[in-house]
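Chain residues, written in single-letter form:
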Amino acid sequence: MIVDDKPQIRDLLKLELEDDGHQVIVCQGGREALDILEEMSFGVNIVLLDIKMPEMDGLAVLSAIKQKKKDLPVILLTAYHTFKQDFQSWAAEEYVVKKSDFTELKQKIAKYL
Amino acid sequence: MRRGVSRVDSQNWRDLPPQGMDIIAAVADAVKSGRGLESILDNIIDLVLEIMSADACSIWLYERGALRLKAGRGLNMAAADASSIELGDGVTGRVGLHREPIAISDVREDNRFKPIPELGNEAYMSILSVPMTDQDRLVGVLNVRTVEPYSYTETEMKFATYIAAQLVGAIRNTQLYEEVIKGFREIAIIHLVSEIINSVRDIDEMTAVIARTCAEHLSTRGCVLRMLDPATGLLEIKGSHGVPASAAAAAALRMGEGLAGKCAAEKRAILRKDLLNDPGEFADALGLGMKSAICAPLVVKDRVVGTLGVFDKMPEDGGEPISFEEEDAGLVTIIANQAAMAIENARLYAEKDARISELQLLLEISNIMRGTLDFESLLYIILTSVTMSQGFGFNRALLFLHDEKSGTLKGEMAVGPLRAADASRHWHSFTPKGKTLQEVVLEYGKFNREAGFEIDMLVKKMSVPVKPDKGALARTVLERTSFNVADYNPAEGGEEAALTAMGFSTFATVPLIAREKVVGIMVVDNLVTRAPITDEQLEFVQLFANQAASVLETSRLYKNIEQANRRLVDARELLVRSRTLATLGEFSAGIAHELRNPLVSIGGFARRLARKLPADSEEARHARIIFNEVEGMEKILSQILEFVGGAKTETQQVDIIGVFEQVFVLLHDAINSKNISVNTDFDERARTLLVDEVQMRQLFINLIKNAVEAMKGEGGSLRVKTTLMETEEGGVGLEISDTGVGISSEDLEHVFDPFFTRKSSGTGLGLSVCARIVEGNHGGKMFIDSRKGEGTSVLIWLPPETLAGGEGGGGRGPLSANG
Ligand SMILES: Nc1ncnc2c1ncn2[C@@H]1O[C@H](COP(=O)(O)OP(=O)(O)O)[C@@H](O)[C@H]1O
Ligand SMILES: [Mg+2]
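Residues numbered from 1 in each chain as written. Chains lettered and ligands numbered in written order. Predicted model: local features only at pLDDT ≥ 70, side-chain atom pairs only at ≥ 80, totals over all residues. Heavy atoms only, no water.

Along its length, chain B carries 22 helices and 25 strands. Burial analysis of chain B (819 residues in total) assigns 49% to the buried set. Relative to all contacts within chain B whose residues are 6 or more apart in sequence, the contacts with residues 24 or more apart total 65%. Element-wise, carbon and sulfur atoms account for 51% of the exposed surface of chain B, whose accessible area totals about 39,500 Å². (Helix = DSSP H or I, 4+ residues; strand = E, 2+ residues; numbered from the N terminus. Buried < 20%, exposed > 50% of the residue type's maximum accessible area, 1.4 Å probe, protein only. Contact = heavy atoms within 4.5 Å. Areas by Shrake-Rupley, 256 points an atom, 1.4 Å probe, with all protein chains shown as cover.)

Structural data, given as structure tokens:
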């Protein structure tokens, strides 16, 4: 599942991941993501979550997800390098700095699937 | 009215701690921008009014036993000169007395407040009053007032206290500066006068020259030199300036008669500031209507031989004469001493013609001393002059400096052999033939220093308390006079026992007195030749000691000023740098974020295109160009965000040498391909440091990359060195040097500026990041030393706190980034 408010990024990520043979659900915000997870949790193996979103902050979404499904892996997407230290105190499994080169992201996803 | 309850909130310094950078900058500007104390005070007051949005502000300085209004806004300053506050009186007086701040929101409800109607200070309801103190000394009081009642916050009190501290510093600096300038002037005058005086040999000509020079250089209306005729007991005028010849011929005085007579009888200088209203014993024997006068005795070997008097100081810009002050009297006394010596000398000279006069020697030495302001060199010249045979010819000399604060004499420098047996070995290898005194002083000094190495070490360890009942050294300070000591036997194990160990048993002590203060003492002896020290010799050394002391004191003041200036410059540079960083930070964090996402989609889609299109097609090539460019932009973006940082500095025990080694592995290819030789010199004692590992790695990568990039072509060498600093400050030094292209001096001023680069593919952020890591996050310092075409050394100093004390790290750095 991809959660990001920017449609271009959503589309790009979806295409890239589908190329690798994954099934992808896209959501444009935290609320929608939480609703979908509630209804059809069985299908979701990993969540890629943008941190900076207008409607609901990525970190709030993260904590809501972790409250309900502790074991569902989440990868945070950020614009900042320096989130690294703080990231350790959050419950996400991984964090990746957004880059046009998706190699790192793909490697991390592979670790959990 | 601008204020209300939320006054502080509306100010831009709300979020800053009281030491917030902007405010510090503004205060530093205010302190620096001033020309003279008055304008500094005015600047500070403006700043306080603005930042605290107060309605009135005043600065009271403690002078002549009371607090006096020196600067203010919102008060009737026309009445400032007339108003003074006694300690303990009213709010300001209380703050001055107890040195504790007082804040009152409404003075109508507080009986401590006392209105001063002529200043109009009752127009304000609130008052915040904070003391200005320099260590234990009260300097003054700073008051802030508002028209409406107002309760001052903790932050505002802190801010006012901070300002008060800054004011103290500014005042201290200005005073010091003025003192030094004055000191220079005095020395210059004394020197000039003594030079002129000593250029003449004939006694009659000399007395005339003394009177003229003295009048001219002290800018007085006139000068009168009287000599005591031993036969008649009369003080006769032997030289004068600004006095009609007829008057000069007639007006001889008896001892005790008139100003000159009294001065001669009492053997002390007399100053009369206002002869018209307070003539005292003065009798206007010359009928010149003098307004103010100074008379100093001419003393030779404790005997009064005459007097030197000046009258009516003329202001530089012409106009009416002004009154003499105490410092003029000091100057006249010194010149009188020189004159007495010169006259005595001329007498001696008339008797035995051709021997090199002592005074000339003194003069020559003082010339050499005037050549430098470096404290160490001066000490060195002084001791050398005292010990060399062309000088005073003592065998050995010790110099102690007097630390008034701790009340001790501290051993500072020594020359001469430790044992009599060592002497010949050293002295023989030195031949002063055919050298000028200056050459001899410098050369002999260096030489003697080596010879006196052992004794120098011993004396540096000495610290002698200046207390009554203590030994000969303490007495020299307390009684301000020289002593001729024989068979001295200080208490065993006492502070002076080292004297015995060095073989000082028959010796002389001489105080170094400048501006009424004993700045130190000298101890001299004749260990080798065993020649007795005569009283005349001692008297002569004392004369020299006074000159030496005043030069030393000037040099010390000068050094203080220099240090203060350097600190100010350092602080400013740091400030400017951090301000640039802060602005850049906010700015680029915003932009970087906006750019990150579009770049991801541009680059990501281009990458897809390149992959999907036939690999050798033109379109695929274009797509590749796009994503390559994007990748470059993303790299810059990462650097900017890294630079902006914002992350906390997390210190822990880090193996710094290990980090260096890791970095060498990372940059191995670049280093090897250019055939660069790497030279490391690690100090094991500084292996484990309390620092942020990620940042250290970043620091070394940036610096070593710069070094490698600077070495064009093949070869070159890279040197990395770490040292545990042995200086007083301690800490750790890191040095990365290369033999690359170097940096021109114009560029050197800018290399720390963000975005400054001379490379086609550089970002110009490397060094800015480094400076932030070292100075901002680790409380260290960073310097670059470079010469165009020769190479570059980057020097980093980390404070002693970074030396891991054994406990584990965690926690924040000594200074954390504030985001
Ligand atoms: N070791 C060095 N030798 C010569 N020039 C240097 C060295 N280090 C830095 N410089 C100069 O300082 C500039 C700024 O350096 P830096 O801030 O690291 O940015 P960049 O390396 O991206 O240009 C460089 O472009 C170069 O001109
Ligand atoms: Mg660089």
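After that view, the rundown keeps rolling.
Residues and elements named next belong to chain B. Ranked by internal contacts, the top residues of the largest apolar core, which has 42 residues, are L699, F700, L703, L718, M782 and I796. Of all the secondary-structure elements, those providing two or more residues to this core are α18 (656–666), β21 (688–691), α20 (693–710), β22 (717–724), β23 (732–738), α22 (766–777), β24 (781–787) and β25 (791–798). Considering every element that reaches this core, the biggest residue donor is α20, with eight residues. If near-sequence neighbours (up to four positions away) are discounted, F700 is found in contact with I656, V659, F660, V663, K705 and L734. Within the second largest apolar cluster, 35 residues are counted, among which are A514, I533, F544 and A545. (Core = buried A, V, L, I, M, F, W, Y, C linked by side-chain atoms within 4.5 Å.)

On to the pairing of strand β18 (residues 517–525) of chain B, then. Residues and elements named next belong to chain B. For β18, the tally of buried residues reaches eight of nine residues, placing the bulk of the element in the interior. As judged from the six bridges shared by strand β13 (residues 396–403) and β18, these two strands associate in the antiparallel manner. When the bridges of β18 are listed, R396 appears paired with D525. As judged from the eight bridges shared by strand β17 (residues 507–514) and β18, these two strands associate in the antiparallel manner. (Pairing = 2+ DSSP bridges.)

Residues and elements named next belong to chain B. Neighbouring ligand 1 are 18 residues, the closest being N706, D738, T757, K759 and L767. Contact distances for ligand 1 include 2.8 Å between a nitrogen atom and a side-chain N or O atom of D738. Between ligand 1 and G766, the relevant distance is 3.3 Å, taken from an oxygen atom to a main-chain nitrogen or oxygen of the residue. Relative to its unbound accessible area of 530 Å², ligand 1 is 92% covered by the protein chains. At the level of elements, α20 and α22 are the ones that each hand at least two residues to the shell around ligand 1. Ranked by the residues each element gives to the shell around ligand 1, the list is headed by α20, at three residues. Taken together, the residues that form the shell around ligand 1 break down as seven nonpolar, eight polar and three charged. (Near = heavy atom within 4 Å. Polar contact = N/O pair within 3.5 Å; in protein donor to acceptor, adjacent residues only side chain to side chain. Nonpolar A, V, L, I, M, F, W, Y, C, P; charged D, E, K, R; others polar.)

Residue and element names in this part refer to chain B. One pass over the full model with this rule turns up 44 salt bridges over all chains. Between R137 and D134 there is a salt bridge, with the nearest N and O atoms lying 3.4 Å from each other. The exposure class assigned to D134 is buried, which follows from its relative accessible area of 12%. The closest approach of N and O atoms between E684 and R687, which form a salt bridge, is 2.9 Å. Owing to a relative accessible area of 26%, R687 belongs among the partly exposed residues under this scheme. (Salt bridge = Lys/Arg side-chain N within 4 Å of Asp/Glu carboxyl O.)

In this section: the confidence of the model for chain B. Residue and element names in this part refer to chain B. Averaged over chain B, the pLDDT score is 80; the fraction of residues at 70 or greater is 79%. Within the model, the stretch residues 1–19 combines pLDDT values under 50 with 33 contacts to residues more than four positions away or in other chains. Segment residues 806–819: pLDDT under 50, and 32 contacts once partners within four positions in sequence are set aside and those in other chains are kept. Interface confidence for the predicted complex, expressed as ipTM, amounts to 0.83; the pTM equals 0.35. (pLDDT = per-residue confidence, 0-100.)

Turning next to the environment of M52 of chain B. Counting through the fold element by element, M52 of chain B comes out in helix α2 (residues 37–52). On a C-alpha basis, the gap between M52 of chain B and R145 of chain B in space is 9.8 Å, while along the polypeptide they are 93 residues apart.

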